[in-house]
Amino acid sequence: MATQAQQDAVRSDGRDETPDERADRQWGELVQEIRVAQTGVQIMFGFLLTVVFTPRFVTLSGTDKTIYMITVVLGAAAVGALIAPVAFHRIVSGRRIKPHAVQWASRLTFVGLLLLLATLVSALLLILRAATHDHIVPWIVSGVFAWYVLCWFVLPLWAKRRHTTAP
């Protein structure tokens, strides 16, 4: 016969896990997701940092230099938000608050993804402006921005709404 705690642990998704087991699983899933985003943002940020040392940088217009500075700051903020869950976990590890740590790490990851989105769009704008000052650049950047929003947010939210019944 199952105890009340065991029965309460069975969620509507059919998983038979305690809150601590759920938090452990969710933490593992979140870490795997963060690894993908961290690698990409760190590589991009590294390349952004080198731009200022190229001969072409001094020839950029004031607007392009401003876009560059905004892009670097956004990239730094994205790196910080996507690495923050690791520091958060390390600091609270062993304090028996993993469900709360998972919530905060998830929020930080979401903010990191928003900052990564802004960084990518800003970097694309800078690169295309440097490559060509064609009037079509804002349209291309807007199209890529829309694509990211569709892939990263609209489709997952649509799937969540369509295929789940509980929050």
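Not measured: the values here are computed from a predicted model.

Visitor: Describe the overall build of the protein, listing the residues and the values that go with them.
Guide: Along the protein, the regular secondary structure elements total five helices and zero strands. Taken from the N to the C terminus, the helices and strands of the protein come in the order α-α-α-α-α. Its C-alpha radius of gyration of 21 Å places the protein more than 25% over the 15 Å reference for a compact globule of 167 residues. With the C-alpha coordinates aligned to their principal axes, the bounding extent of the protein is approximately 75 × 35 × 15 Å. Here the analysis covers contacts within the protein between residues at least 6 apart in sequence; of these, 71% occur between residues at least 24 apart. Entry remark: accessible area of the protein is about 11,200 Å², with carbon and sulfur atoms responsible for 66%. Here the protein contributes 16 positive and 11 negative side-chain charges, whose respective centroids are spaced 7 Å apart.

Visitor: Which residues make up the environment of Leu128, and what values do they have?
Guide: Summarising the element assignment, Leu128 is placed in helix α4 (residues 98-131). Leu128 sits in the buried class, given a relative accessible area of 19%. Spatially, the C-alpha atoms of Leu128 and Ile140 are 8.9 Å apart, while their sequence positions differ by twelve residues. Once residues lying within four places of it in the same chain are set aside, the contact partners of Leu128 are Val137, Ile140 and Val141.

Visitor: Tell me about helix α3 (residues 62-92), and please be specific about residues and values.
Guide: Compared with an ideal rise of 1.5 Å per residue, which puts 31 residues at 45 Å, α3 spans 44 Å between its outermost C-alpha atoms and is within 8% of the ideal. Of the residues trailing α3, Gly94 is marked for its positive phi of about 85 degrees.

Visitor: Could you give me a rundown of unusual backbone geometry, with the residues and numbers involved?
Guide: Positive phi outside glycine occurs at Arg96, with the angle close to 60 degrees. With respect to the secondary-structure elements, Arg96 resides in the loop between α3 and α4. We classify Arg96 as exposed; its relative accessible area is 75%.

Visitor: I'd like to hear about the packing of helix α2 (residues 19-51) against α3, residue by residue, with values.
Guide: Packing of α2 against α3 brings their axes to within 9 Å, and their N-to-C directions diverge by 150 degrees. Looking at the two axes, α2 sits roughly antiparallel to α3. Between α2 and α3 lies a crossing whose hand is left-handed. Together, Trp27, Ile34, Ala37, Gln38, Val41, Gln42, Phe45, Leu48, Leu49 and Val51 of α2 and Tyr68, Thr71, Val72, Gly75, Ala76, Ala78, Val79, Leu82, Ile83, Pro85, Val86 and His89 of α3 make up the contact between the two elements. Considering only residue class, the contact of α2 with α3 consists of 17 nonpolar, five polar and no charged.

Visitor: So what's going on with helix α5 (residues 137-163)? Which residues, and what values?
Guide: Between its terminal C-alpha atoms α5 stretches 37 Å, which fits the 39 Å expected from 27 residues at 1.5 Å a residue. The largest bend in α5 amounts to roughly 45 degrees and is located at Leu150. Turning to α5, the residues buried within the fold contact α4.

Visitor: Describe the nonpolar core, and please don't skip the residues or the numbers.
Guide: Judged by nonpolar contacts, the single largest core of 15 residues is most densely connected at Val41, Met44, Tyr68, Val72 and Leu116. For this core, the secondary-structure elements that each account for two or more residues are α2, α3 and α4. Here the element with the most residues in this core is α3; it accounts for six residues. Discounting residues that sit within four places of it in the chain, Val41 has contacts with Gly75, Ala78, Val79, Leu82 and Leu116.

Visitor: Residues and numbers for the environment of Asp134, please.
Guide: Tracing the sequence through the fold places Asp134 in the loop between α4 and α5. Polar side-chain contacts of Asp134 include one of 2.8 Å to the side chain of His135.

Here is what the cut-offs are and how they apply
- Residues numbered from 1 in each chain as written.
- Predicted model: local features only at pLDDT ≥ 70, side-chain atom pairs only at ≥ 80, totals over all residues.
- Heavy atoms only, no water.
- Helix = DSSP H or I, 4+ residues; strand = E, 2+ residues; numbered from the N terminus.
- Rg over C-alpha atoms; globule rule 2.2 N^0.38 Å.
- Contact = heavy atoms within 4.5 Å.
- Areas by Shrake-Rupley, 256 points an atom, 1.4 Å probe, with all protein chains shown as cover.
- Lys, Arg positive; Asp, Glu negative; His and termini not counted.
- Charge placed at Lys NZ, Arg CZ, Asp CG, Glu CD.
- Buried < 20%, exposed > 50% of the residue type's maximum accessible area, 1.4 Å probe, protein only.
- Expected span 1.5 Å × (residues − 1).
- Axes fitted to C-alpha atoms, helices over the stretch in contact; angles between N-to-C directions.
- Parallel < 35°, antiparallel > 145°, perpendicular 65-115°, else oblique.
- Left-handed = near helix turned anticlockwise from the far one by under 90°.
- Nonpolar A, V, L, I, M, F, W, Y, C, P; charged D, E, K, R; others polar.
- Bend = angle between axes of the 7 residues up to and from the residue.
- Core = buried A, V, L, I, M, F, W, Y, C linked by side-chain atoms within 4.5 Å.
- Polar contact = N/O pair within 3.5 Å; in protein donor to acceptor, adjacent residues only side chain to side chain.

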